[in-house]
Every structure is written in C-alpha cells, then in structure tokens.
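Working through the structure, step by step
Listed below are the residues making up each chain.
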Amino acid sequence: MRIFVLFCLACCSWSAQAQLAEADLTLQRLAQQLAVASYDEKSALISQMAQLPAERKKPLLEALASNSLYSRESDQRLFVIERFKPGERIQAFFYDESLLIESRRQKRDFDKIGINNAIRRTLSSELALMEVSSGSDQQRRLAAEQLLKSPQDIDASRLQALIAQESSPAVAEVLGLVAALQQLTSADSSQRLAAIKTLQRSLYPQVRVALVQHQGRLDASNPLQAGEYQLVQKTLASIDQLQQLNGYARDLYFGLSLGAVLLLAAIGLAITFGVMGVINMAHGEMIMLGAYTTYLVQQLMPAGSEVSLLVAIPAAFLVSGLVGVVIERSVIRHLYGRPLETLLATFGISLILQQAVRSIFGPLNREVATPEWMAGTFMLNPGLELTWNRLYIIIFSLLVLVLLAWVMKRTLFGLQMRAVTMNRPMASSMGIRSGWVDALTFGLGSGIAGIAGVALSQLTNVGPNLGQAYIIDSFMVVVFGGVGNLWGTLVAAMSLGVANKVIEPFAGAVLAKILLLVFIILFIQKRPRGLFALKGRAVEG
Amino acid sequence: MPVQATHMGPITRLLTQDKNGRRLLLVIAVLAIVVPFCNLLFPAESVLHISTYTMTLLGKYLCYALLAIAVDLIWGYCGILSLGHGAFFALGGYAMGMYLMRQVGDRGVYGNPELPDFMVFLNWQELPWYWLGFDSFAFSMLMVLLVPGTLAFVFGALAFRSRVSGVYLSIITQAMTYALMLAFFRNDMGFGGNNGLTDFKDILGFDLQSDGTRAGLFIASALALMLGYVISRVITASKLGRVLVAIRDSESRARFLGYRVEHYKLFVFVVSAMLAGVAGALYVPQVGIINPSEFAPIFSIEIIIWVAVGGRGSLYGAVIGAVLVNYAKTWFTGAFAELWLFLLGGLFVLTTLYLPRGVIGLWPPLQQRWHRYRQQRDLVHQEDCL
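The rules we used
Residues numbered from 1 in each chain as written. Chains lettered and ligands numbered in written order. Predicted model: local features only at pLDDT ≥ 70, side-chain atom pairs only at ≥ 80, totals over all residues. Heavy atoms only, no water. Helix = DSSP H or I, 4+ residues; strand = E, 2+ residues; numbered from the N terminus. Rg over C-alpha atoms; globule rule 2.2 N^0.38 Å. Buried < 20%, exposed > 50% of the residue type's maximum accessible area, 1.4 Å probe, protein only. Contact = heavy atoms within 4.5 Å. Lys, Arg positive; Asp, Glu negative; His and termini not counted. Charge placed at Lys NZ, Arg CZ, Asp CG, Glu CD. Expected span 1.5 Å × (residues − 1). Bend = angle between axes of the 7 residues up to and from the residue. Patch = residues over 30% accessible without salt bridge, like charges linked within 9 Å, V, L, I, M, F, W, Y side chains within 5 Å. Areas by Shrake-Rupley, 256 points an atom, 1.4 Å probe, with all protein chains shown as cover. Salt bridge = Lys/Arg side-chain N within 4 Å of Asp/Glu carboxyl O. Pairing = 2+ DSSP bridges. Phe/Tyr/Trp six-rings, centres within 6.5 Å; stacked < 30°, edge-to-face > 60°. Lys NZ or Arg CZ within 6 Å of the ring centre and 35° of its normal. Buried area = accessible area lost by both parts, 1.4 Å probe. Polar contact = N/O pair within 3.5 Å; in protein donor to acceptor, adjacent residues only side chain to side chain. Domains from an automatic or database assignment. Axes fitted to C-alpha atoms, helices over the stretch in contact; angles between N-to-C directions. Parallel < 35°, antiparallel > 145°, perpendicular 65-115°, else oblique. Left-handed = near helix turned anticlockwise from the far one by under 90°. Nonpolar A, V, L, I, M, F, W, Y, C, P; charged D, E, K, R; others polar. pLDDT = per-residue confidence, 0-100.

Glancing now at the overall build of chain B. Per the secondary structure count, chain B includes 15 helices and four strands. Taken over C-alpha atoms, the radius of gyration comes to 23 Å for chain B, in line with the 21 Å a tight globule of 386 residues would show. Summarising its shape, the C-alpha atoms of chain B cover approximately 90 × 65 × 50 Å along the three principal directions. Across the 386 residues that make up chain B, the buried fraction comes to 52%. Long-range contacts, defined here as pairs at least 24 residues apart, represent 76% of the contacts in chain B between residues at least 6 apart. The average position of the 27 basic charges and that of the 22 acidic charges among the side chains of chain B differ by 15 Å.

Structure (structure tokens):
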C-alpha cells in the first residue's frame, strides 16, 4: 500500500516536472521565432509565451522589454546582453554556453530583437499580470500597488478576468482601483461615473492625482459634464477629509512616541525628585551612561545584535543604578534638606561625568545598531505608514511605568521607601534603615534613567551631550505632572508630547518647543504644584 | 576714602562701616587707573606694559564680577536661586549689540546702509520694528536697562505672586533662559540666529579696535562695577535689605509679620536683572560678539558657582569668586582643556560640601588664629621682659 502511494506521488511529481520541461521547450521554440517575426507576430508570440507555465518566461520577457535580448546570427541562439563591452561575459539564455566579449566588433554577430511601443505595452501588461498572479498575497498586493502608478500598463479585459478569479480580497480591492483608474479615461460617461464612485474612499496618493487630473479635463460650465465635475469634487473632498484624519492619527502617534521618550527620561526623575525631593541635575548623565552601556554591550557581543538590546536593559540599569548609589552615599547624603545646594553639587557631578565620558569615548557620537525587529514600518492604511521602533518605545515606556508603580505599591522595598519619604524619624524608629533606603531609592531612579538611555540610543545620537538635551524636558514633565505622582508624570509626558507634535506643523519644531516651555512656565504660576498635586501633609514635607 | 563718597552723606556712612567693601572699591579704582595707564603710556617692550589682550580680559572679568554681584543680591540676600540670570546678561548684551550693529552702517560686507549683513543675507527688505531706535546710543542704553528689567518684572510678578519659590523657581528660570536660547537661535527672530551679532566697527564714533577705546571700556566696566557694588550695598544695608534677609531665612514668617514678600522679591529681582543687563552691555563691545550661547542654561549655572565659590551673602565675595573662577577657567582651558570640566565639576561638589560660605568663609578662622598666635607671642614676650 505504502509503496503504491509513494509510486503515485513519484509519478505525479514526475509528470509535473515533465510538464514544466515541456513548457520550457515550447518557450524556447516560441522565443527563437522572435528573431525573425514581424512586429504583429511578435505581439502574438509574447501573448502565447505569457500563457505558458514556464519558469523562465519572466526573465526572458523582462530582457525583451529592456531591449537587451539578442539573437546570434550563426545559430539563432538567444543572449541577454546588458552592456556590450570588451571583458564582459555574456550568457546564452537557453543553453549552457557563456562567452567572453573580446572586441566591439563581435557585436555584428548579434541581432537585437527590436520592439515597438505597442509591443512594449503588451510586454509591460503581461509582466504586470505575472507579478500580480504569483507569490504570496503580500507580494501580490505590492505588485498591484505598483500598477496604480501606471494603470494603462495592463490590458483592461485581462484585468477584469483577474479580478473575477482573485482569491484575496485585499489584492482584489487594489486591482479594482486599478480598473477604476483605467475607466476614468474611457469615453463612456456612465463607466467614468462608476469608476469615480469606486475611487471614493481610497487613500492611495496616485488615486488622488488621477482624480485631480480628471477634474482638469472636465469643463464645469458644460451642462453635460457638470454632474461629473461635482462628483469628482465631492470625491476629492472626501478623500481629503480621510487624509486629514490620517494626518491627525499620524500626529497623535508621533506625539505619543515623543511623550513616551519624555516619560522614559522623566520617570527616573519622578523618583529622585518627586519622591525623595532631591534635585538631581546629573539625571541626564544617568541616561547618557545607559546609552553608552548599550553601545558597550553591542561592542562586546557583535554577533548577537538582535538580543544585545535585551541584554543592555539590565546592564544599563545596573551601571546607572550603581553610579547613582555611589553619588547618593558620597555627596547627596550630606545635603538632605538643602535642595539648592543639592542642585549645585549634582550639577558638578554631571559635568564630571560628561567630561569622563568624553575623555574615555571621545567627543564624537557613537553608532548604536538597531536590531532588525525594530526597523521598518507597518501600514495601517494606504495613506498611513508608521515605524515600528516608535511603537516599541511607547510599549516599553508604559511597561517601565507599570513595573515601577508595582515596585512602589506592592513590594516591601516600595513600602519602606514611602514610609521614609513620609516620615523619616518615625520610619527609623520602626526599624527601617533609612539611609539604606535612601541609597536604594536613588539607585532605582538612576537605574531607570539608565534604561531610558537604552531606549534613547535607538532614537538619537549617543554622545557626551545626550543627557543635557533631556534634563530640562524631564524637569518640565515632572513639575508639570505634579511632584511625587507617577500617573501625573505619565499624563504630563503624553500631553506634552502630543501637544508638541500638534503645534509643530503650524509653528515649526523650535517654536513649538518654546511655546510649550512658556506654557509650562505660565502653568506653574497657576498651579505651583503641578497637574496632580499631592494633598495634605505630604505637601509641606 | 572712596572716590564717589564726596557728596553722598548716607553712602559715606555706609561705606565707613564696610571695611571689606572699601578695600574692594579701592582695588577696583586703582585697577581702573593703573591698567589703562600702563597700557597706553608704556611702550610694548616695557616691563610695565599691560597688553590690550590682558586689559580686555580683565575688563571681561569686571563684567562677570558685576553679574556675580547681581546674582548674589538675589541669591545670597533673598534666597532666590535664579538659574536664568544669563538671560538678563545676554539681553543687555543684545541691546548693546544692536546699537553697535547700527553703527556699522554701510561698512558691512554687503555695504547695505539700511540693513545689517545677516538681514541682507536672509533677503529681508526692511528693518524690523524692534530694531528702530537703536541708532541712538541713549535709547540703546535705556533698553539695556529696560529690556531685562521688564522681563524680570513680568516673570517675577507672575512667579512671586503665585508663590513659586525654591527649587520650582530655579527650574522655571532655567526653562526661561532655555526658551530664550531656542528663540534667539531662530533666524526669523531677526537677531542674527546662530551667529548672533558681530563684526562691530565702532562705539560712539570711537574705533572698537583701538587701544584708547578699549581702555575707555575698561574704565567704564570698573566704574559700573563700583556703582553696582554701591547700589547693592545700599540696598542690602537698608531696612529693605533686612526684610530681604528675613525672607531668605523664613519666607512664611516674614509674610505673617505683615511684609508683602512678593513686592520685596520683585523689587530686588528687577534691580538684579538690570545690573546683569548692564554687565552684558559692557561685555559685548569688549569681546566683540554676542550670540545665543550666552542664554545657555550652563552659563547661568556657572554664574551661580562663581558666587558660591566666592561666598554667597557677601557682595565682595561674589566679586572675588567671579574673578577667581574665571581666571582659573582662562588658565585651565589654555593649559589643560580636558581638565577644566573636571575641575569645575569638582568645584561645585567641594564648595557645596565643604565651603558653604565660600572662599571668604576661610578668612575669619585664619584671622582668629593669627590673632591668637599674636596674643600668645605678646604674652611670651612680656613674660620674657619680666
């Protein structure tokens, strides 16, 4: 039984192969005739060849379309010659024969298979059809989208047939648009009206261009065309409206991703400044250390660039966190209750760290590679293409926030931390080592800044000045959101990010930033304790 | 006796009580006479000659010292830590720079009699309205005082009325100077964008490159510093100054005692901003350029460290700090450029940890020790005689 099945399978595959081989032979026979055929015959031959299930028809037709198919006078063998230059090697198409060109004079041995415009149209149509009908659905949709650029390439009746038997709705939709674009130029006005209706909700830029062109061809004062003119106008208006919605969505996305960056940069500060009340001007440098750690990790594991980012996250947390603990124990510890002095001392530390990094790594920016899974874009609709890395940053920042909220609300360390910030003497007398908790809290805030550095290394240049660019923004976010309130930080970061991207198109990037800074300065006047102020005794502490 | 004290009764009284201030004013006055004298009268090869470069450098330090006094006035005496005082300095500088720009006339690269070079370059057709009036020296000098003063007034009125204080105030002043820096970097602002204002030719008809003009500017800086010191001294020694210190030490208590805290703060903030503006205006013709980097937050923080190193809460300490730190900066950036930021950073940390009263805080203990030593020596001497 089993042997019989195997035998049948073998037969099937053998017969399939035989079919293919036969098709290749037919292809060869037809192609050979091209050399001697008239232009009309050539058209017919091309159509015949396109129908064959042969594998090699596509490169053959492509060579023909690009005027690089030659036939050798002596034996009619076909050659694809892109450049006829001495020293180049050319390959016979159907035979296993290659040949070195020695001199230009050899060109006389070959005849170019010429084509005219009609044949070129046939060819491009056939090639386009081949593209659309082979490969995965994704590839076929891309091929169909290519057709939108030149809808006249493809033969109308063939296109209709293709649409009728298309299995994937996404491809069928794009092909329908191609057909509609073709019909836009037809002489029959009812067909044109139907085509315009089909195009109504399409966001492809080519569709809009075609409609605008069509509108130009119509005469609004002509009573016969007035209705159509209005329809085109309405369609364009609806497309523009959709585009505008798309624009809002894009602004929102960019805004949220900027907000996520701000959130990441500010969230560590929300701990050190918000919870401990320490003005850490070296916070930006903690971010920078995280970014440089990412760079170092990538240097240490050049093979694993895909996972190095994941390794860099804990590494950056540890590096920045340790530096934070050292700073707390050596400097900040002596300055509790003197916020302005803390500000100055930590600013000094930030200068030292910057110069240290500049001395070790040099003043130039360092290249941090982006892993493949973060690169590229995804498409929501034809008018809206978004990058993956921003999405990852948004998700990552929210994860960090949630994790931090969990640590603060649900762990013993978080409990002790809150106890110490609320009432230090009482916490100490309950047996909490407040000095130790201070150091760890500061380390936690710094470590999270380090994690932010990992994320930022994917978005901006990694250089000694990386931190400075974010320190003022971070303070703005924390102050705006309300000190000591993680959710306030989230709301502040996201709203500042979105506001920035909404203002940007009108005012430009720099002015948008200035406007927001002025807004925050004014906002602080109105609510000196930020959006979500803590109430009660904590405020006075 | 200090120079200005002849016809000022109350000020004379003040200064007679201020030994260190008297010494400081004397030193500045001597410098103001000796340095230009040595520069102009002695030939270049003479030992006593002071080069124009050194004189300009000293002039720069004097401007910085005035700026430090302005910061000390609000930080040391009123507890307002402004991380944006560089903005007032730069605004004063820009007002002066605009006047100098108008003085260039048609001697620019493009030879346009109406517009400065950068405007011609940007294809501007006419002078923006806010440049009008800067042809006049008197108007420009008024603006040197009014522009920083108005900004400080508006900013301070808003901030102090809503009781933004402490760290929050520091952060929003920093945001202010940062926003101004971004704004001045824009070409559309009409202040030369990135490059700022430069290529000045002359001031009040005197060539800026000549030694005589440089000497004049040096003397003007010295006079401004002395005047700034006296004004600040008068303020701090008055009853108003007492209230300021009270506000610094306990703001709520001062308020509960019935003082309108925000008015006092606003007054001293505006005065300080104007002093900073004057410092900037004198700084620009000496260095020959003003650009948006003067608005950079780091510059404003550097000013704080001058005051902290010198000793906050004493005006002459601020002057000493400004000169010391800037001399160190000049020397280090020349000799070991790499080390300068380490040193500056270290200064921040060490002064806040170990020198809360600054360099001048080191002086009284030393003095005491010296007195004790002398007393003991005298005792021993007396015993020996007996």
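With that out of the way, let us pick up the side chain of Q215 of chain A. Tracing the backbone shows Q215 of chain A in helix α9 (residues 205-217). Relative accessible area serves as the criterion here: at 16%, Q215 of chain A is assigned to the buried category.

The subject of this paragraph is helix α6 (residues 137-161) of chain B. End to end, α6 of chain B covers 35 Å across 25 residues, agreeing with the expected 36 Å (1.5 Å per residue, within 8%). The sharpest bend along α6 of chain B comes to roughly 30°, located at M143 of chain B. Considered for burial, the residues of α6 of chain B that qualify are S140, M143, V144, P148, G149, A152, F155, G156, A159 and F160 of chain B. Among the structural elements, α20 (509-526) of chain A together with α4 (85-104), α7 (166-185) and α11 (261-287) of chain B are those in contact with the buried residues of α6 of chain B. Backbone geometry just downstream of α6 of chain B places R163 of chain B in the positive-phi region, at approximately 60°.

Here we come to a nonpolar patch on the surface. Residue and element names in this part refer to chain A. On the surface, V307, L310, W373, W388 and Y392 cluster together into a nonpolar patch covering about 440 Å² of accessible area. Within the fold, W388 resides in helix α14 (residues 388-410). Residue classification places W388 among the partly exposed residues on the basis of a relative accessible area of 31%.

The next thing to look at is the pairing of strand β7 (residues 384-387) of chain A. Residues and elements named next belong to chain A. Alternating residues of β7 divide into L384 and L386, all buried, and E385 and T387, none buried. Note that strand β6 (residues 377-381) and β7 share four bridges and pair antiparallel. Bridged to M379 within β7 is E385.

Counted by the stated rule, this structure contains 41 aromatic pairs over all chains. Each ring, one from W331 of chain B and one from F336 of chain B, has its centre 6.0 Å from the other, and the planes form 70°; the classification is edge-to-face. Owing to a relative accessible area of 47%, W331 of chain B belongs among the partly exposed residues under this scheme. With relative accessibility at 42%, the residue F336 of chain B sits in the partly exposed group. One aromatic cluster is present, formed by Y94, F118, W129, Y130, W131, F184, F191 and F295 of chain B through successive ring pairs. Sitting over the ring of Y336 of chain A, R424 of chain A keeps its end group 5.5 Å from the ring centre. Geometry around W75 of chain B places R312 of chain B over its ring, the cationic atom sitting 4.4 Å from the centre.

Our next topic: the interface of chain B and chain A. At the junction of the two partners, chain B supplies 40 residues and chain A supplies 41 residues. Contact between chain B and chain A buries roughly 3,600 Å² in total, counting both sides, with carbon and sulfur atoms accounting for 80%. One can count one salt bridge joining chain B with chain A. With a closest N to O distance of 3.6 Å, E341 of chain A and R312 of chain B form a salt bridge. Here chain B and chain A share five residue pairs in polar contact (both at pLDDT 80 or more) between them. Broken down by secondary-structure element, the contributors of at least two residues to the side of chain B that touches chain A are α6, α7, α12 (297-310) and α14 (337-354) of chain B. Looking at which element gives the most residues to the side of chain B that touches chain A, the answer is α7 of chain B, with 13 residues.

Here the focus is the domain arrangement of chain B. Residues and elements named next belong to chain B. Taken domain by domain, chain B comprises domain 1 (3-342) and domain 2 (356-386). Each partner contributes to the interface: domain 1 provides nine residues, whereas domain 2 provides four residues. Across the domain 1/domain 2 interface, buried area totals approximately 460 Å², and carbon plus sulfur atoms make up 63% of it. Applying the counting rule to domain 1 against domain 2 returns zero salt bridges. Joining domain 1 to domain 2, the criterion identifies three residue pairs in polar contact (both at pLDDT 80 or more). If you list the elements that add at least two residues to the side of domain 1 that touches domain 2, you get α12 and α13 (315-335).

Bringing the pattern of salt bridges into the picture now. Using the criterion set out here, one finds 17 salt bridges over all chains in the structure. With a shortest N-O distance of 2.7 Å, R424 of chain A and D438 of chain A are connected by a salt bridge. Here R424 of chain A is found in helix α16 (residues 424-429), whereas its partner D438 of chain A is found in helix α17 (residues 434-456), with 14 residues between them in sequence. The exposure class of D438 of chain A is buried, given its relative accessible area of 6%. Put simply, R338 and E341 of chain A together with R312 of chain B are held in one network by salt bridges that share partners.

Residue and element names in this part refer to chain A. Reading across the sheet, the five strands line up as β4-β3-β2-β1-β5 and stay open at both edges, with antiparallel pairing between neighbours. The sheet is open, and its two borders are formed by β4 (98-100) and β5 (110-112), each paired with just one other strand. Strand-to-strand, the axes of this sheet are offset by a mean angle of 35°, without reference to chain direction. By the bridge criterion, three bridges tie strand β1 (residues 69-72) to β5 in an arrangement that is antiparallel.

Attention now goes to the packing of helix α5 (residues 137-149) of chain A against helix α7 (residues 169-183) of chain A. Residue and element names in this part refer to chain A. In the contact formed by α5 and α7, the axes pass within 9 Å of each other and the chain directions differ by 10°. Looking at the two axes, α5 sits roughly parallel to α7. Like other packed secondary-structure pairs, α5 and α7 cross with a definite hand, here left-handed. Facing D137, R140, R141, A144, E145, L147 and L148 of α5, the residues of α7 in contact are A170, V171, V174, L175, L177, V178 and L181. Its residues assigned to classes, the contact of α5 with α7 comprises 10 nonpolar, no polar and four charged.

With that settled, the discussion passes to the domain arrangement of chain A. As far as domains go, chain A holds domain 1 (22-115), domain 2 (124-217) and domain 3 (251-371 + 404-512). Relative placement of domain 2 of chain A and domain 3 of chain A: their C-alpha centres are 52 Å apart.

We now examine unusual backbone geometry. Residue and element names in this part refer to chain B. Here the phi dihedral of D199 falls at roughly 60°; this positive angle occurs in a residue that is not glycine. Note on placement: D199 falls in the loop between β1 (197-198) and β2 (202-203). Located in the positive-phi region is L204, a residue other than glycine, with phi close to 55°. You can see L204 is positioned in the loop between β2 and β3 (206-207).

All names here are of chain B. Taken over all residues, the pLDDT of chain B has a mean of 89, while the share at 70 or more is 97%. Confidence scores differ between elements of chain B, with helix α1 (residues 9-16) showing the lowest mean pLDDT of 71 and α11 the highest of 96. Scored below 50 in pLDDT, residues 1-6 makes seven contacts in the model with residues more than four places away or belonging to other chains.

A few words on the environment of V71 of chain B. All names here are of chain B. Inspection of the secondary structure assignment puts V71 in helix α3 (residues 52-78). For V71 and G196, which are 125 residues apart along the polypeptide, the C-alpha to C-alpha distance reads 25 Å. Among residues more than four places away in sequence, those in contact with V71 are G76, H85, S272, I303, I304 and V307.

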